[in-house]
4 protein chains.
Amino acid sequence: MSAPGARAWVVAAGWIPPESSGPEPEYTSREELAILNASTEDVTARITVFHTDRDPVGPYEVTVAARRTRSLRVNDLIDPEAVPLGRHFSLLVEAESPVVVQQVRFDTRRDGLATLSALAYPVEL
Amino acid sequence: MSAPGARAWVVAAGWIPPESSGPEPEYTSREELAILNASTEDVTARITVFHTDRDPVGPYEVTVAARRTRSLRVNDLIDPEAVPLGRHFSLLVEAESPVVVQQVRFDTRRDGLATLSALAYPVEL
Amino acid sequence: MSAPGARAWVVAAGWIPPESSGPEPEYTSREELAILNASTEDVTARITVFHTDRDPVGPYEVTVAARRTRSLRVNDLIDPEAVPLGRHFSLLVEAESPVVVQQVRFDTRRDGLATLSALAYPVEL
Amino acid sequence: MSAPGARAWVVAAGWIPPESSGPEPEYTSREELAILNASTEDVTARITVFHTDRDPVGPYEVTVAARRTRSLRVNDLIDPEAVPLGRHFSLLVEAESPVVVQQVRFDTRRDGLATLSALAYPVEL
């Protein structure tokens, strides 16, 4: 099977809700990035975080093993620096070989739960 | 009418919430896969489930009759094995002829309801 | 300005929540279809509703005036017949000239509100 | 790096919930437009708002600096005129160079929170 997907993806509307309610980690407010690597080779993805008021930060390096999927909490991206809570950002994901990327947000601020998801946008670089 | 859609689709961000509140089956937390077969022939779709820490599982075979649509609860995929609750997965849907695939999640864990949806990503294999 | 969009679109995951809470019509549970006609000519869209267990129904005819947008409640499609509540369906929208179509669902069943949206999928017929 | 994205995007299903609950501005019901400009040049985007019952209004001009992202509340678009709350609209975003656009809606009307997101649809003009 050839590897389905694209080698670069953008999530334009990134935002980590700054507060949470309920037990961690399942109810921690968060922005998640799902990355499927359906190929037979491990893939390294490099993530660049774009901000509203300063230069982009990155790359954050993430490995997804061959024929595996990974769900990454943007909250957990800490090297080279943590992504600030409660501030708008965008993500550019660049992989060595085709992957598929989707965004999911969990927001537990108001003692309930709100979720959203959007396909990332595949781009050519 | 020719059949609209694509023959392979990926849902990268699959996850079945591990708890529910409210009467079953309408408030059972779930991940759903909607598949439209607008063609004049029945179609068999083969679903492969990708996991984070072990080899992909499948195919799960699903038939969608000619000129029919189907909404499939991933919770109900049990052959060759049930898809675990509360764990990230991705889905690859391969059909004999073009279909259209969309994901919907219902999460009733917190005595309310949170929903999300995303178009699946059409791929070439 | 040329007309942006496509002439045929699919919403695979249609479903109208069968109950509502709160004042009508703003809190009526519903499936909405947004259709933008950015062209300088009125456009007629023909909607076909695909069901799980019987032949497709339609066309439902909808007009969107030139340089106007329209938000259509699927709940209000009654000719040739009403779309049943609480049952999965898919929609095929065919327009005379390019439009852009997006789905939004409001679900007020649990005394709160859950919303979801997905871009429709543009197809060639 | 070349600039990823497209130069024109449509959000078909725009709507600003007409009421809010909770402290402003974080819980103000709103429609947001995220715009990533990953290029090395500032970009001006011109937004046209399409209505259901009158001519389109615009352009609303928005600048996104080089290698920056911006989250715009449609509620804050006031020149040439404010976008009415509680009424369906569509957005056409035209930029001088490629950007990526995504929609997010926050709805706090019912003392909770409902969120939705969809990728905008890239178009050629």
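Given the structure is predicted, the values throughout are model-derived calculations rather than measurements.

Draft legend 1. Spotlight on the pattern of salt bridges. Residue and element names in this part refer to chain B. What the rule picks out here adds up to 24 salt bridges over all chains. Across the pair Arg-105 and Glu-31 runs a salt bridge, and its minimum N-O distance is 3.3 Å. Separated by 74 residues along the polypeptide, Arg-105 in strand S6 (residues 89-107) and Glu-31 in strand S2 (residues 30-37) bring together distant segments of the chain. The same class applies to Arg-105 and to Glu-31, which are both buried.

Draft legend 2. Summary view of the interface of chain A and chain D. Counting residues at the interface gives 34 residues for chain A and 34 residues for chain D. Here chain A and chain D share an interface that buries about 2500 Å² over both sides, 62% of which is from carbon and sulfur atoms. Together, Phe50(A), Arg110(A) and Tyr121(A) form the three largest contributors to the area buried by chain A at its contact with chain D, with a combined 28%. Viewed at the interface, chain D and chain A are joined by one salt bridge. Between the two partners, chain A and chain D, sit 12 residue pairs in polar contact (both at pLDDT 80 or more). Secondary-structure elements contributing two or more residues to the side of chain A that touches chain D are strand S1 (6-14), strand S6 (89-107) and strand S7 (114-119) of chain A. The residue inventory of the side of chain A that touches chain D, partitioned by class, reads 18 nonpolar, seven polar and nine charged.

Draft legend 3. Looking closely at the relation of the copies chain C and chain D. Superposing chain C onto chain D takes a rotation of 90° combined with a translation of 0.0 Å along the rotation axis, leaving an RMSD of 0.0 Å. Interpreted geometrically, this transformation is the action of a four-fold axis.

Draft legend 4. Molecular detail of the interface of chain C and chain D. Taken together, the contact between chain C and chain D spans 34 residues of the former and 34 residues of the latter. At the boundary of chain C with chain D, total buried surface from both sides reaches about 2500 Å², with 62% on carbon and sulfur atoms. Residues Arg68(C) and Asp55(D) are paired through a salt bridge, measuring 3.2 Å at the closest nitrogen-oxygen approach. Counting across the chain C and chain D interface gives 12 residue pairs in polar contact (both at pLDDT 80 or more). Elements with a minimum of two residues in the side of chain C that touches chain D: strand S1 (6-14), strand S2 (30-37), strand S5 (68-73), strand S6 (89-107) and strand S7 (114-119) of chain C. Looking at the side of chain C that touches chain D residue by residue, the class counts come to 18 nonpolar, 11 polar and five charged.

Draft legend 5. Region of the structure containing unusual backbone geometry. A cis amide bond links Glu24(A) to the next residue, Pro25(A), at an omega of -5°. Along the chain, the position of Pro25(A) falls in the loop between S1 and strand S2 (30-37). Between Gly58(B) and Pro59(B) the backbone carries a cis peptide bond, its omega angle lying at 0°. Of note in the backbone geometry, Arg67(D) takes a positive phi value of approximately 55° without being a glycine. Within the secondary structure, Arg67(D) is located in the loop between strand S4 (57-64) and strand S5 (68-73). Its relative accessible area of 35% is what places Arg67(D) among the partly exposed residues. Of note in the backbone geometry, Asp111(D) takes a positive phi value of approximately 65° without being a glycine. Topologically, Asp111(D) is positioned in the loop between strand S6 (89-107) and strand S7 (114-119).

Draft legend 6. Structural context of the side chain of Thr28(D). Residue and element names in this part refer to chain D. The residue Thr-28 is located in the loop between strand S1 (6-14) and strand S2 (30-37) in this model. Judged by relative accessible area, Thr-28 falls into the buried class, the value being 16%. The contacts of Thr-28, once residues within four sequence positions are left out, are Ser-20, Pro-23, Arg-73, Asn-75, Phe-106 and Thr-108.

Draft legend 7. View of the confidence of the model for chain A. On average, residues of chain A carry a pLDDT of 96, and 98% of them reach 70 or more. Interface scoring of the predicted complex returns ipTM 0.96; its pTM is 0.97.

Draft legend 8. Broad picture of the pairing of strand S3 (residues 43-50) of chain D. All names here are of chain D. In terms of burial, S3 is a largely internal element, six of the eight residues being buried. Taken together, the six bridges between S3 and S4 define a ladder with antiparallel strand orientation. Bridge pairing in S4 places Val-43 opposite Val-64. The loop that links S3 with its antiparallel partner S4 comprises six residues. The sheet contact formed by S3 and S6 spans six bridges and is antiparallel. Within S6, the residue paired with Thr-48 across the bridge is Leu-92.

Draft legend 9. Focus on the arrangement of the chains. With no contact between them, chain A and chain C keep their nearest C-alpha atoms 7 Å apart. At their nearest point, the C-alpha atoms of chain B and chain D are still 7 Å apart, with no contact between the two.

Draft legend 10. Molecular detail of the packing of aromatic side chains. A complete count under the given rule lists eight aromatic pairs over all chains for this structure. Ring geometry for Trp9(B) versus Tyr121(C): centroids 4.9 Å apart, planes at 65°, classification edge-to-face. Of the two residues, Trp9(B) sits in strand S1 (residues 6-14) while Tyr121(C) sits in strand S8 (residues 121-122), which places them in two different chains. Across the pair, Tyr121(C) and Trp9(B) agree in class, each one buried. The ring centre of Tyr27(A) lies 4.3 Å from the NZ or CZ of Arg110(B), which sits over that ring.

Draft legend 11. A look at the environment of Arg70(A). Counting through the fold element by element, Arg70(A) comes out in strand S5 (residues 68-73). A relative accessible area of 34% means that Arg70(A) is categorised as partly exposed. The spatial distance from the C-alpha of Arg70(A) to the C-alpha of Leu33(A) is 8.1 Å, given a sequence separation of 37 residues. Here Arg70(A) is in contact with Leu33(A), Ala34(A), Ile35(A), Val62(A), Thr63(A), Val64(A) and His88(B), once residues within four sequence places are set aside. Here the side chain of Arg70(A) touches Thr63(A) through a polar contact of 2.7 Å, landing on its backbone oxygen.

Parameters at a glance
Residues numbered from 1 in each chain as written. Chains lettered and ligands numbered in written order. Predicted model: local features only at pLDDT ≥ 70, side-chain atom pairs only at ≥ 80, totals over all residues. Heavy atoms only, no water. Salt bridge = Lys/Arg side-chain N within 4 Å of Asp/Glu carboxyl O. Helix = DSSP H or I, 4+ residues; strand = E, 2+ residues; numbered from the N terminus. Buried < 20%, exposed > 50% of the residue type's maximum accessible area, 1.4 Å probe, protein only. Contact = heavy atoms within 4.5 Å. Buried area = accessible area lost by both parts, 1.4 Å probe. Polar contact = N/O pair within 3.5 Å; in protein donor to acceptor, adjacent residues only side chain to side chain. Nonpolar A, V, L, I, M, F, W, Y, C, P; charged D, E, K, R; others polar. Least-squares fit on C-alpha atoms with pLDDT ≥ 70 in both. pLDDT = per-residue confidence, 0-100. Pairing = 2+ DSSP bridges. Phe/Tyr/Trp six-rings, centres within 6.5 Å; stacked < 30°, edge-to-face > 60°. Lys NZ or Arg CZ within 6 Å of the ring centre and 35° of its normal.

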